[in-house]
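So the chains spell out like this:
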Amino acid sequence: MVDGLTTARIKEFKQLLEKRREDLLEAIRNELLQSDNEQYLELAGRVHDVADEGSADLLADLSLASIDQHIEEIRDIEAALLRIASLSYGICEDCSTPISVERLKAYPTARRCHQCQQVYERTHVQKGQPRL
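Residues numbered from 1 in each chain as written. Predicted model: local features only at pLDDT ≥ 70, side-chain atom pairs only at ≥ 80, totals over all residues. Heavy atoms only, no water.

Peer 1: Summarise the overall build of the protein chain; cite the residues concerned and give the values.
Peer 2: Scanning the protein chain from N- to C-terminus turns up five helices and zero strands. Expressed as a percentage of the 132 residues in the protein chain, the buried residues total 27%. Of the roughly 9,400 Å² that the protein chain leaves accessible, carbon and sulfur atoms contribute 53%. (Helix = DSSP H or I, 4+ residues; strand = E, 2+ residues; numbered from the N terminus. Buried < 20%, exposed > 50% of the residue type's maximum accessible area, 1.4 Å probe, protein only. Areas by Shrake-Rupley, 256 points an atom, 1.4 Å probe, with all protein chains shown as cover.)

Have a look at this one:
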């Protein structure tokens, strides 16, 4: 058992992760259903010039970006649930030290301790960050 991470606390994290996953799946379903009825689809059907077409495309892309973010979070949740099942939840994947309970409360899908996460962010390209 990881420092401060009791079986009961792990069970709480598992329930929290499963609830968040269900909420995200529901949000994706709703966004996909709404996308069929959104104004931008109507606008795209009535496009009369390039500017209108660009606006319609931008609105469609924003909706897809939101769904992509939800899917990425679901992947993180699934990975955390696998770590719970394999009894490695709460252990840093880089240095094998315990991840603080405070960090897990703030970020239940955390894979790394705070120090290793800082190193990772400095040395790896992140989504949405500029590249050289």
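Peer 1: Requested: an account of the environment of P108, with residues and values cited.
Peer 2: With respect to the secondary-structure elements, P108 resides in the loop between α4 (101-106) and α5 (114-123). Assessed through its relative accessible area of 16%, P108 is described here as buried. Measuring from C-alpha to C-alpha, the distance between P108 and A80 comes to 7.7 Å, with 28 residues separating the pair along the chain. Apart from residues no more than four positions distant in its own chain, P108 is found in contact with F13, L16, L17, A80 and Y89. (Contact = heavy atoms within 4.5 Å.)

Peer 1: Tell me about helix α1 (residues 7-35), and please be specific about residues and values.
Peer 2: Side chains that are three or four residues apart share a direction in an α-helix, a result of its 3.6 residues per turn. Over its 29 residues, α1 extends 42 Å from the first C-alpha to the last, a length consistent with the 42 Å expected when each residue adds 1.5 Å. Taken as a whole, α1 has its buried residues at F13, L17, R21, L24, I28, E31 and S35. (Expected span 1.5 Å × (residues − 1).)

Peer 1: Give a description of the nonpolar core that names residues and reports values.
Peer 2: Residues L5, L17, Y89 and L104 are the most contacted members of the largest nonpolar core, which totals 19 residues. Of all the secondary structure elements, the ones that give two or more residues to this core are α1, α3 (50-85) and α4. The element contributing the most residues to this core is α3, with six residues. The contact partners of L17, leaving out residues within four places of it in the chain, are I77, A80, L81, I84, Y89, P108 and T109. (Core = buried A, V, L, I, M, F, W, Y, C linked by side-chain atoms within 4.5 Å.)

Nothing here speaks to function; it is all geometry.
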